[in-house]
Amino acid sequence: MSTTLPRTTTPATALPSAGGGSTALRGSSSGRRKSDLAANRPPMRRRATDLPQIRHTVSLVVPAHNEARNIPWVFEQIPRCVDEVLLVDGSSSDATLRMAALCLPTVRIVQQQGPGKGNALRTGFLAATSDYVVMMDADGSMWPGEIPHYLHFLEHGYDFVKGSRFVAGGGSLDITRFRSLGNRVLLAVVNLLYDAALTDLCYGFCAFRRSLLDELDLSASGFEIEAEMIAHALRSGLRIAEVPSLELPRRSGRSHLHAVSDGRRVLRTLVAERPGARSMAPAAAGEK
């Protein structure tokens, strides 16, 4: 796991020992009375199981277009920690909607308002009602069983969590050499322009706090929305964590991704949304 954090320093805090008690200090006198030791001993920490647990709700947004053959496997893998599942349908002509309702009667089906994956995701984000929002594809290339790992980091203070195929524990059984090369080039661009240290960019398994949706300020309509989310999260100084993820082969059907044209859109997005770009645009227009 790797993290990208704002460049600030936080004070270290003392941690209890593995056994649950406090760690003994070196150099203490063995001849001191037990009453003195007890008086100077820090108060015992309550166990995590004794503390009241505040559970945050989770919405899973799944954009889909003609994914009827893949929906059953995806839906049966969704963990219990997910409170609502939103299938954002892009005018499917197969049995996607019927299959979704059959596999998960509680699914919320939302019709996207325009073409493109970005439009579908933005429609789903606005319709979500939970504290946390998770996004993933409907083609079976992402395993829903990884969702608890994403939620773990949201529960521990991070704002945006993204999957990475290129950290220890991650990988891909589907990526081609051409796509891998393109991802490395775009990754170098985002790390340079945004002063970041990410390990993966073009991968759409992410989770974030719904309260920060306005902060993300999304407007992309196509596959470049994933890059736009990361760019805006970095530019806003959100706490970002990367977690290892294994990309699986699409279970059925053909991908809607066009590597060259979508790669260009991602590059344009990264350059246009870089820090300071918006403030420079009015000045440039005024000079003309």
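All values reported here derive from a predicted model rather than from experimental measurement. (Residues numbered from 1 in each chain as written. Predicted model: local features only at pLDDT ≥ 70, side-chain atom pairs only at ≥ 80, totals over all residues. Heavy atoms only, no water.)

A.B. asks: How do you make sense of the overall build of the protein when you look at a structure like this?
C.D. replies: When helices and strands are tallied, the protein shows 10 helices and 10 strands. Looking at the 288 residues of the protein, the share that counts as buried comes to 43%. Contacts in the protein between residues at least 24 apart in sequence constitute 77% of all its contacts with a sequence separation of at least 6. With an accessible surface of roughly 16,200 Å², the protein has 55% of that area assigned to carbon and sulfur atoms. (Helix = DSSP H or I, 4+ residues; strand = E, 2+ residues; numbered from the N terminus. Buried < 20%, exposed > 50% of the residue type's maximum accessible area, 1.4 Å probe, protein only. Contact = heavy atoms within 4.5 Å. Areas by Shrake-Rupley, 256 points an atom, 1.4 Å probe, with all protein chains shown as cover.)

A.B. asks: Is there a simple way to explain the pairing of strand β4 (residues 108-111) in this structure?
C.D. replies: Working note: regular strand, side chains alternate between the two faces of the sheet. Relative to β4, strand β3 (residues 84-89) runs parallel, the two being bridged by four bridges. Bridge pairing in β4 places Asp 89 opposite Gln 111. Crossover handedness for the path β3 to helix α3 (residues 96-103) to β4: right-handed. (Pairing = 2+ DSSP bridges. Right-handed = clockwise from strand over helix to strand, strands pointing away.)

A.B. asks: Honestly, the pattern of salt bridges in this entry has me stumped. Any pointers?
C.D. replies: A side chain with one charge can pair with a side chain of the opposite charge if their charged atoms come near. Summed over all chains, the structure comprises 12 salt bridges. With its nearest N and O atoms 3.7 Å apart, the salt bridge here joins Arg 250 to Asp 139. Of this pair, Arg 250 sits in the loop between β10 (246-247) and α9 (259-272) while Asp 139 is found in the loop between β5 (132-135) and α5 (147-155), placing the two residues 111 residues apart along the sequence. A salt bridge links Arg 165 to Asp 200; its shortest N-O distance comes to 2.8 Å. Remark: Asp 200 occurs in the loop between α6 (177-193) and β8 (206-209) and Arg 165 occurs in the loop between β6 (160-164) and β7 (171-172); sequence separation between them is 35 residues. For Asp 200, a relative accessible area of 0% translates into the label buried. Residues joined in a network through salt bridges with shared partners are Glu 67, Asp 139 and Arg 250. (Salt bridge = Lys/Arg side-chain N within 4 Å of Asp/Glu carboxyl O.)

A.B. asks: Please clarify how the side chain of Lys 162 should be interpreted in this entry.
C.D. replies: Assignment of secondary structure puts Lys 162 in strand β6. Classification of Lys 162 by relative accessible area gives buried; the value is 1%. Separated by 2.6 Å, the side chain of Lys 162 and the backbone oxygen of Asp 200 make a polar contact. (Polar contact = N/O pair within 3.5 Å; in protein donor to acceptor, adjacent residues only side chain to side chain.)

A.B. asks: Even after reading the chapter, I still don't get the nonpolar core, so can you show me in this structure?
C.D. replies: In a soluble, globular protein the nonpolar side chains are often hidden away together inside. Phe 125, Leu 201 and Met 229 are the most contacted members of the largest nonpolar core, which has 37 residues in total. When residues of this core are assigned to their parent elements, the largest contribution, seven residues, is made by helix α8 (residues 225-235). For Met 229, the residues in contact, after removing those within four places along its chain, are Phe 125, Met 135, Phe 160, Phe 208, Leu 216 and Leu 218. Within the second largest apolar cluster, 32 residues are counted, among which are Val 107, Val 161, Ala 207 and Leu 248. (Core = buried A, V, L, I, M, F, W, Y, C linked by side-chain atoms within 4.5 Å.)

A.B. asks: For this particular structure, what's the right way to read the packing of aromatic side chains?
C.D. replies: The geometry of an aromatic ring pair comes down to the distance between the two centres and the angle between the two planes. Under the definition given, this model contains four aromatic pairs. An angle of 70° between the planes, with centres 5.7 Å apart, marks the rings of Phe 153 and Tyr 158 as edge-to-face. With relative accessibility at 15%, the residue Phe 153 sits in the buried group. With a centroid separation of 6.4 Å and an interplanar angle of 15°, the aromatic rings of Phe 160 and Phe 208 are classed as stacked. Placement of Phe 160 in strand β6 and of Phe 208 in strand β8 is noted, with a sequence separation of 48 residues between them. You can call Phe 208 buried: its relative accessible area is 1%. Lying across the ring of Tyr 158, Arg 239 places its NZ or CZ 4.5 Å from the centre. (Phe/Tyr/Trp six-rings, centres within 6.5 Å; stacked < 30°, edge-to-face > 60°. Lys NZ or Arg CZ within 6 Å of the ring centre and 35° of its normal.)

A.B. asks: Where do I start with unusual backbone geometry in this structure?
C.D. replies: Peptide bonds are trans in most cases, and residues, glycine excluded, mostly fall at negative phi. With phi around 55°, Asn 66 is a residue other than glycine that occupies positive phi space. The exposure class assigned to Asn 66 is partly exposed, which follows from its relative accessible area of 30%. A positive phi is found at Asp 217, a non-glycine position, where the angle reads about 50°. Asp 217 gets classed as partly exposed once you look at its relative accessible area, which sits at 39%.

A.B. asks: Where do I start with the packing of helix α4 (residues 117-127) against α8 in this structure?
C.D. replies: The description of two packed helices rests on the angle between their axes and on the distance between the axes. Running from amino to carboxyl end, α4 crosses α8 at an angle of 55°, the nearest separation of the two axes being 9 Å. On the basis of their axis angle, the class for α4 and α8 is oblique. Taking contact as the criterion, the partners of Lys 117, Gly 118, Leu 121, Arg 122 and Phe 125 in α4 are, on α8, Ile 225, Glu 226 and Met 229. Each residue belonging to the contact of α4 with α8 can be placed in one class, and the counts come to four nonpolar, one polar and three charged. (Axes fitted to C-alpha atoms, helices over the stretch in contact; angles between N-to-C directions. Parallel < 35°, antiparallel > 145°, perpendicular 65-115°, else oblique. Nonpolar A, V, L, I, M, F, W, Y, C, P; charged D, E, K, R; others polar.)

A.B. asks: How should I be thinking about a nonpolar patch on the surface in this particular structure?
C.D. replies: There is a patch of nonpolar side chains on the surface, built from Leu 192, Leu 193, Leu 267 and Val 271 and spanning about 330 Å² of accessible area. Within the residue set of the nonpolar patch, elements represented by two or more residues are α6 and α9. By secondary structure assignment, the location of Val 271 is in helix α9. (Patch = residues over 30% accessible without salt bridge, like charges linked within 9 Å, V, L, I, M, F, W, Y side chains within 5 Å.)

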